[in-house]
Amino acid sequence: MSDKPNYKDTLNLPKTDFPMAAKLVENEPKRLEKWRELKLYERILESRKDAPLWVLHDGPPFANGDIHIGHLINKTLKDVFLRWHSLKGERTPYVPGWDCHGLPIEHKIQQELGPKLREMSTVEVRRRCFEYASKYATLQSSQFQRLGILGDWENPYLTMKPAYEASTLEVFARFVEAGLVYKQLKPVYWSIANQTALADAEIEYQDRDDMSIYVLFEIENRDALPSSLNAPAGEPVHLMIWTTTPWTLPANLAVAVAPQGNYQLVTFEKNGRRFHAVVVDQLVNRIAEAGKAQVVQVLGSAVGDTLTGVKYRHPFMDRVCPVVTADYVTFEDGTGLVHTAPGHGEDDYQTGRAYGLDIYCPVLANGRFDDTVPDWLRNQLVWDANEIIIRRLDELGVLYHQQTIRHSYPHDWRSKTPTIFRATEQWFIAVDKPFQAGGQESAGGSKSLRERALSAAKDQIRFVPEWGRARMTGMLESRPDWCISRQRAWGLPIPVFYNEQGEALLTPESVRAVARRFAEKGSDAWFTDSPAELLKDYDPGPKFPKDKLRKEKDIFDVWFESGSSWHAVLLGRSDLRYPADLYLEGSDQHRGWFQLSMLPALGATGQAPFKQVLTHGFVVKPDGRKVSKSDKEYVTATKEIETHGADLLRLWTCSVDYEGDIPTSPQVIREFGDKYRKIRNTLRYLLSNLYDFDPSADAVAEIPASSLDGWASAELDELIRQVSAAYDNYQLHRAFRLLHDFCAVQISAIYGNAMKDRLYCEKPDSPLRRRCQTVMHRMAVVLTKLLSPMLVFTADETWEHLRRAGEDADLPSVHLARAPQPAAEPPSEEQRREWELILKLRDDALLQLDALKKEAGLNKALDAELVFHVNDDAIRQKLQQYGPDLEDMAGAGHHAFAEASASESAVTVKVLDRRNDYQACARSWKRRPDVGQDPNYPDLSLRDAQAVAAMRS
RNA sequence: GGGCUCGUAGCUCAGUUGGUUAGAGCGCGUCCCUGAUAAGGACGAGGUCAUUGGUUCGAAUCCAAUCGGGCCCA
């Protein structure tokens, strides 16, 4: 220690227990415990029980595995918006949910059971699935809670709960009532090995060698051919098609052409034999080459559209079929004419429906042909049929060419065998059939689901971002009827019964009868109870004797269940309301949950289930590409939370523009820690300078505008306005940046830095110091509140270290507080210009200080003096009101005024090195002319001398 | 292949109805402070606004095409 007088003890140096290191990982769980004891969620709702409701309806994640980064982003966004609305004083109940039924869980259980599966009953398998889903719903619940998501975690909704199942059936009953449910054949992936339908998720693509063939179909009505083809009189004319699945030819019911394609009638010669065939112009040469044939001549051409009306005779089935047009016809392979079998392909099926063709499928569940085909094919396995059919076509003289190709082909992922497309009976909801919604005559009259959905998307829903509307509209325009049946065990049974004649019993009341049973016993009842028990109080009439009924085997598409959540949750709970204010999910849900919630809601009530739809993008690697689990950039949500704490992950989520892709990696998140620390340290600095400040006793009522305090106060008001607007518009990254930059610039670089001298050196209760503390205290309160939706843990921690007054005084948590309001109207234009001038002078001074540092070794701004050259009395008087701000804003020791020369602008600042002119005050380190003027304290400036004297008296 | 969408400094973001040398914060570099100290401050270097071609007196901003991503389909 030096023997110079040490004045450090006489300073009001910052003091606080608020630690610099957050130790989030260690401390967050303790705070969760505090909230639990406080019953924070219930308490917040209670404190807003008469306030307007704001309802966000949670989309149910699948109850499978740990939460991942997408869940983290989704739930964080929901929580932040809920908390913002709560901060604004609204009542924001939040009921989380889980999607529990479905294939992934059923598969998992099947894998676990292995061969034992065959010995188990459906009910036993379903019980395992139930346990599995319960386990993961519980696990994810705890992980979400660890993230700080506030909600009714004691009473979440699960789609497999009996009450929920019954509610889903009620939605179905309304569809039945509206007359929109029907049954029809539709091709699905079919595993011959397991004799079962397969979902998309059960398909894996493997390379396979198949025989591809070019086949000639003879045209039946030659007079329908466009004359521009110049078909030669008296000779047969053919359509040439190409297929890699010869076994589907018996089910051929049409040939599709591209409506805008340019087709030619070509005379080919192969092995000395001539024939005329229609093919697309750009493939003529490739066809000739492939078949080692010559193009003798091109007879004529015609556009695809003009070929409709042409009919051809099937080469070995007794039928005549049409030429149709389809958009999916391409000219990359084949002939430009596509063999169409509506019972054996998705595209073919759509075309078949469009043209009113049969959905004909002569293939049985065991992969063998039925009796509707010629003798020579009957009972043949489709794979064997390939060769038989090719041989037959050759014999008939209509096989132009055959060659082996290797292509990627869908396989059953369990048996590893190739699948086929096979038409089976499925249940549908009609989207184009007009109906009366839910008995509400006023709700749109007699319109179809599609019309209602399009109209709702057009002008009844707000989309964030706005382009969601276009995306949803496009999907609604093109979507086919909704196929709601699945051939699975783990799901909600479709409550249909069949009598001995195979007629279906499906009425609103039969569905409701089953729903009542499910509400009591859960949907397992479908597998344990008899039809008579399931229909207990319902009389289906003489056509359907209860003791002779057979139960449907199909279950619902899980989307029908999650898409009915508005009914089970929003209408089913008294604390919520229908429709919801907001649905918020990833942008993939335009097709998924958003659309498939809208359809049931419109079908049952005529009203969309949400007023606003918000979507967020997906996580990608820093280079913008898709991430996979094996990438080093893959982020494991649970691991990141354990490493950095939830608040950091939450803040990071709020910092990115979620409308687009979200670049992420462990490194990105780690480096983001700087932003958190900046905010935390700024809060800590504010708190540390408020240790002796009691807002209810020490606050200064008037903050003069012409002061840094006035400027800072106005900046804070502006921050409140802008952050509030950003939250209201769901622009979290904007809110984050405003808050962060306010900490970094307004407080840390400018205001907080400038105020050090007076905070530390003025006597504790000096007006100047108290005025600054008044502003800083408001800053701390405002920042804590505005940050509280994002930094739920840190803001609450800050709250505890903050001495509070008024309505905030007794609140045990910041999450019970109300949003901050600006203290004053926005400043006048004139006032704004005045502050701009002050900050401009500050910038000038800092540049000069930097120059002096480099040129003269002036390292401490306190050794410098700012001299303001002013040639305007009004400006001088204005500046003088700023007092010590004029030196403190640049960290200088002293300031003075001087006359400006006429050539200079109204006011300029000159920075002077005063190391050889003034003494430095031993206490404030400010170098100024008044040091030593008080004989009792020869080493102090007057201000410091008075401060020390006051404290020692 | 189709629908929707994105592409501004190393990173995260601003850039209103087209108008002076394209901004901020962070990071980085250099330096300062040591009374916010595993903190704080100052200054500085970074961009052919994905590319190309149009419209215009003038375009990051409007139009078209191309390239490269993403989501959903096929």
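> Let's hear about the overall build of chain A: which residues, and what values?
A count of helical and extended segments in chain A gives 30 helices and 34 strands. By the compact-globule yardstick of 30 Å for 953 residues, chain A is too spread out, its C-alpha radius of gyration being 39 Å. On the principal axes, the C-alpha backbone points of chain A span a range of 130 × 75 × 55 Å. A burial count over chain A gives 57% of its 953 residues as buried. When contacts within chain A are restricted to residue pairs at least 6 apart in sequence, long-range pairs at least 24 apart make up 77% of them. Counting every atom, chain A has about 40,200 Å² of accessible surface; 48% of that belongs to carbon and sulfur. Across chain A, 119 positive and 135 negative side-chain charges occur, with their mean positions spaced 2 Å apart.

> Can you break down the protein's contact with RNA strand B residue by residue, with the values?
Around RNA strand B, a shell composed of 51 residues is seen, among which R471, G624, D657, H733 and R737 lie nearest. Near the protein, within 4 Å, the atoms of RNA strand B are sugar or phosphate in 81% of cases. Between RNA strand B and the protein, one listed contact pairs a sugar or linking oxygen with a side-chain N or O atom of D850 at 3.3 Å. With respect to RNA strand B, the side chain of K854 contributes an N or O atom lying 3.4 Å from a sugar or linking oxygen. Elements represented by at least two residues in the surface near RNA strand B include exactly α11 (468–478), α20 (666–688), α23 (732–754), α24 (756–761) and α27 (829–856). Among the elements that line the surface near RNA strand B, the one with the most residues is α23, at 10 residues.

> Requested: an account of the nonpolar core, with residues and values cited.
Within the largest apolar cluster, 134 residues are counted, with the highest numbers of intra-cluster contacts made by F81, Y751, M776, M779, L783 and M790. Apart from residues no more than four positions distant in its own chain, M779 is found in contact with L686, A712, L716, F742, I747 and Y751. Counting 75 residues, the second-largest nonpolar core is a separate cluster that includes L225, L283, A326 and L357.

> Give me the lowdown on the pairing of strand β6 (residues 203–219), citing residues and values where you can.
Pairing analysis gives 13 bridges linking β6 to strand β15 (residues 399–412), with the strands arranged antiparallel. In the sheet register, I213 faces β15, and the bridge partner there is Q402. Bridging between β6 and strand β7 (residues 237–243) involves six bridges; their strand directions are antiparallel. Its bridge partner being in β7, Y214 is matched across the sheet by W242. In the sheet, β6 pairs with strand β12 (residues 311–313) via two bridges, with the strands oriented antiparallel. When the bridges of β12 are listed, E218 appears paired with R313.

> Residue-level account of the packing of helix α10 (residues 449–459) against helix α17 (residues 593–605), with values.
Two elements in contact, α10 and α17, have axes whose closest approach is 10 Å; the angle formed by their N-to-C orientations is 110°. Relative to α17, the element α10 is oriented roughly perpendicular. As for the relative orientation of α10 and α17, their crossing is right-handed in sense. Where α10 approaches α17, its residues L449, R452, A453, A456 and A457 are matched on the opposing element by M598, L599, L602 and G603.

> Residues and numbers for the pattern of salt bridges, please.
If you walk through the whole model with that rule in mind, you get 74 salt bridges. Between D674 and R677 there is a salt bridge whose closest N-O contact spans 2.9 Å. Taken together, the residues D674 and R677, both in helix α20 and three residues apart, mark about one turn of the helix. Note on D674: relative accessible area 48%, which makes it partly exposed. With a shortest N-O distance of 2.9 Å, D757 and R943 are connected by a salt bridge. Note that D757 is positioned in helix α24 and R943 in helix α30 (residues 942–952), a separation of 186 residues in sequence. In this structure D757 comes out as buried when scored by relative accessible area, which is 11%. Because the salt bridges share partners, they merge into one network encompassing D757, R758, E762, D885, E887, D888, R923, K926, R928, D930, R943 and D944.

> Residue-level account of the sheet that holds strand β19 (residues 462–464), with values.
The strand order across the open sheet built from four strands is β1-β26-β27-β19, with neighbouring strands paired in parallel fashion. This sheet does not close on itself; its edge strands, each paired only once, are β1 (56–57) and β19. Relative to strand β27 (residues 610–616), strand β26 (residues 580–586) runs parallel, the two being bridged by six bridges. Within β27, the residue paired with L582 across the bridge is Q612. Sheet strands in contact with helix α3 (residues 69–87) are β1, β26 and β27, and its direction is about 155° off that of β26. Along the sheet, α17 makes contact with β1, β26 and β27, crossing β26 at roughly 145°.

> Quick rundown of the sheet that holds strand β20 (residues 482–483)? Include the residues and the values.
Judged by pairing direction, the sheet is antiparallel, and its four strands sit side by side in the order β5-β4-β16-β20 without closing on themselves. Two strands close off the open sheet at either side, each with one partner strand: β5 (196–198) and β20. Pairing of strand β4 (residues 181–191) with strand β16 (residues 420–429) involves 10 bridges; the strand directions are antiparallel. The residue bridging V188 from the neighbouring strand is R422, located in β16.

What counts, and at which threshold
Residues numbered from 1 in each chain as written. Chains lettered and ligands numbered in written order. Predicted model: local features only at pLDDT ≥ 70, side-chain atom pairs only at ≥ 80, totals over all residues. Heavy atoms only, no water. Helix = DSSP H or I, 4+ residues; strand = E, 2+ residues; numbered from the N terminus. Rg over C-alpha atoms; globule rule 2.2 N^0.38 Å. Buried < 20%, exposed > 50% of the residue type's maximum accessible area, 1.4 Å probe, protein only. Contact = heavy atoms within 4.5 Å. Areas by Shrake-Rupley, 256 points an atom, 1.4 Å probe, with all protein chains shown as cover. Lys, Arg positive; Asp, Glu negative; His and termini not counted. Charge placed at Lys NZ, Arg CZ, Asp CG, Glu CD. Near = heavy atom within 4 Å. Polar contact = N/O pair within 3.5 Å; in protein donor to acceptor, adjacent residues only side chain to side chain. Core = buried A, V, L, I, M, F, W, Y, C linked by side-chain atoms within 4.5 Å. Pairing = 2+ DSSP bridges. Axes fitted to C-alpha atoms, helices over the stretch in contact; angles between N-to-C directions. Parallel < 35°, antiparallel > 145°, perpendicular 65-115°, else oblique. Left-handed = near helix turned anticlockwise from the far one by under 90°. Salt bridge = Lys/Arg side-chain N within 4 Å of Asp/Glu carboxyl O.

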